[in-house]
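The residues making up each chain are set out below.
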Amino acid sequence: MEQRTIERFRKRTIWIHWLHTASFVVLSITGALMFFPLTGIQGGHQIRTVHCITAVFFVAAPVLYSLFDPRAAMTFLEEAFHWHRDDIAWLKLSVSYYFGGQGQMPPQGRINGDQKLWQLVVIITGGVFILTGVSLWFFKLKVPIGLYQWVLLTHAAAFIAISLMFMVHFYLRTLHPRFEESLSSMLDGKISAPYAQKHYPKWYDRIIGDNHNHDA
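Below you will find a few notes about this structure. On a predicted model such as this, the values are computed, not experimentally measured, just so you know.

**Things to note about the side chain of Glu181**
Mapping Glu181 onto the fold places it in the loop between helix H6 (145-174) and helix H7 (182-188). Despite its burial, Glu181 pairs with no opposite charge, the nearest such side chain being Arg4 at 4.9 Å. Side-chain polar atoms of Glu181 contact the side chain of Ser192, separated by 2.7 Å. Not counting residues within four places of it along the chain, the set of residues in contact with Glu181 comprises Arg4, Ile191, Ser192 and Tyr195.

**Observations regarding the packing of helix H5 (residues 113-138) against H6**
Where H5 meets H6, the closest approach of the two axes is 9 Å, and the angle between their N-to-C directions is 150°. Between H5 and H6, the angle falls in the class roughly antiparallel. For the element pair H5 and H6, the recorded crossing hand is left-handed. Residue composition of the contact of H5 with H6, by class: 16 nonpolar, eight polar and two charged.

**Overview of helix H4 (residues 85-98)**
Between the first and last C-alpha of H4 there are 20 Å, a value that for 14 residues agrees with the 20 Å anticipated at 1.5 Å per step. By the largest-angle criterion, Lys92 marks the main kink of H4, which is about 45°. Listed as buried for H4 are Asp87, Trp90, Ser94, Tyr97 and Tyr98. Its buried side turned inward, H4 meets H5, H6 and helix H8 (193-199). Once H4 finishes, Gly100 follows within two positions and takes phi at roughly 100°, a positive value.

**Notes on the nonpolar core**
Of all hydrophobic cores here, the largest spans 14 residues; its most connected members are Ile6 and Trp203. The residues contacting Ile6, other than those within four sequence positions of it, are Gly189, Lys190, Ile191, Ser192, Ala193, Ala196, Trp203, Tyr204 and Ile207. Counting 10 residues, the second largest nonpolar core, distinct from the first, contains Phe24, Val121, Val122 and Phe166.

**Re helix H3 (residues 70-81)**
Here H3 contains 12 residues, and its C-alpha end-to-end distance of 17 Å stays within 8% of the 16 Å for a straight helix at 1.5 Å per residue. Of the positions making up H3, those classed as buried are Ala73, Glu79 and Ala80. Buried residues of H3, viewed axially, fall in a sector of 125°; they line one side. Across H3 from its buried face, at more than 90 degrees, point the exposed residues Arg71 and Phe81.

**Some words on the packing of helix H1 (residues 11-35) against H6**
Two numbers describe how H1 lies on H6: the axes approach to 11 Å, and their chain directions differ by 130°. On the basis of their axis angle, the class for H1 and H6 is oblique. As for the relative orientation of H1 and H6, their crossing is left-handed in sense. For the pair H1 and H6, contact is made by Thr21, Phe24, Val25, Ser28 and Phe35 and by Leu152, Ala156, Phe159, Ile162, Ser163 and Phe166, respectively. Tallied by class, the residues present in the contact of H1 with H6 amount to eight nonpolar, three polar and no charged.

**Digging into the pattern of salt bridges**
Evaluated as defined, the whole model comprises seven salt bridges. One salt bridge connects Lys202 with Asp86, and the closest N-O pair in it is separated by 2.7 Å. Of the two residues, Lys202 sits in helix H9 (residues 201-215) while Asp86 sits in helix H4, which places them 116 residues apart along the sequence. A residue is classified by how much of its surface remains accessible, and Lys202, at 37% relative accessible area, is partly exposed. Overall, Asp86 belongs to the partly exposed group, its relative accessible area being 23%. It is possible to trace a salt-bridge network through shared partners that takes in Arg10, Arg12 and Asp69.

**Observations regarding the packing of aromatic side chains**
Following the criterion strictly, the structure yields 10 aromatic pairs and no others. Put simply, the rings of Phe24, Trp118, Phe166 and Phe170 pair up and form one aromatic cluster. The ring centre of Tyr200 lies 3.9 Å from the NZ or CZ of Arg8, which sits over that ring. Residue placement shows Arg173 over the ring face of Phe179; its charged tip is 4.7 Å from the ring centre.

Each value, and the rule that gives it
- Residues numbered from 1 in each chain as written.
- Predicted model: local features only at pLDDT ≥ 70, side-chain atom pairs only at ≥ 80, totals over all residues.
- Heavy atoms only, no water.
- Helix = DSSP H or I, 4+ residues; strand = E, 2+ residues; numbered from the N terminus.
- Buried < 20%, exposed > 50% of the residue type's maximum accessible area, 1.4 Å probe, protein only.
- Lys, Arg positive; Asp, Glu negative; His and termini not counted.
- Salt bridge = Lys/Arg side-chain N within 4 Å of Asp/Glu carboxyl O.
- Polar contact = N/O pair within 3.5 Å; in protein donor to acceptor, adjacent residues only side chain to side chain.
- Contact = heavy atoms within 4.5 Å.
- Axes fitted to C-alpha atoms, helices over the stretch in contact; angles between N-to-C directions.
- Parallel < 35°, antiparallel > 145°, perpendicular 65-115°, else oblique.
- Left-handed = near helix turned anticlockwise from the far one by under 90°.
- Nonpolar A, V, L, I, M, F, W, Y, C, P; charged D, E, K, R; others polar.
- Expected span 1.5 Å × (residues − 1).
- Bend = angle between axes of the 7 residues up to and from the residue.
- Core = buried A, V, L, I, M, F, W, Y, C linked by side-chain atoms within 4.5 Å.
- Arc of directions from axis to C-beta.
- Phe/Tyr/Trp six-rings, centres within 6.5 Å; stacked < 30°, edge-to-face > 60°.
- Lys NZ or Arg CZ within 6 Å of the ring centre and 35° of its normal.

Below you can see the structure in the form of C-alpha cells.
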C-alpha cells in the first residue's frame, strides 16, 4: 500500500462535504416521507419541521464555505462550468471504464469528467432547491394552487435528478475498485502519488511542478 502523502482536500473542505452530505441524506428521507405520508397529520408536521431545519444546514454549508474560503469556492464553480475536451472524452468512455474496460482514459485535472458533472448537478439542483424550497416554506398559502403545484413538481424533479446522481457518486467513491483511495481521501484529505498520477495526471504534474519551483 503506497503512502498517501499528497494533500487533495483541506480539513475545512472535508468537514463541509460531510455536513452537506448528512444534510442531503436527512432531506432525502424526510422529503420522501412527506411525498408518501404514512405518519398521520401530527407526524407529517414533525417531519416537515425536521426537513425545514435541515434545509437551513444544507444551504448554510456552502455559504459558510464560500465565506471562509472564497478562493476554493470559486475553484469549485470554475471546475463545474469550465469543461475541456478531455473532460468530455472521459464522460464518453466512463461507462466502459467503470465496467472493466482497459482502454486508455483521457488525462484529467484535479477532478475528472464525471466529478465535474456531479458538481454541476449539485450546483444546479441546489439553486432549484433554494428557490422552490423558499416558495414552499414561506409562500405556501400566498400563491395560486396551480403555481404551487408546479413549484412542488419542480422541487420533486430536482430531488429525483440529484438522488440518481448521488447513488452513482456514492458507488464510485466508496465501492468501485478503481477508486480505492477516494473515500479515504475524504476522511484525511490525502492520496498517494501513484493514485494521483493515474487518475489526475494533469493536476499531479502541476502540483509537482509548483513544488519544484518553490524548492528552487
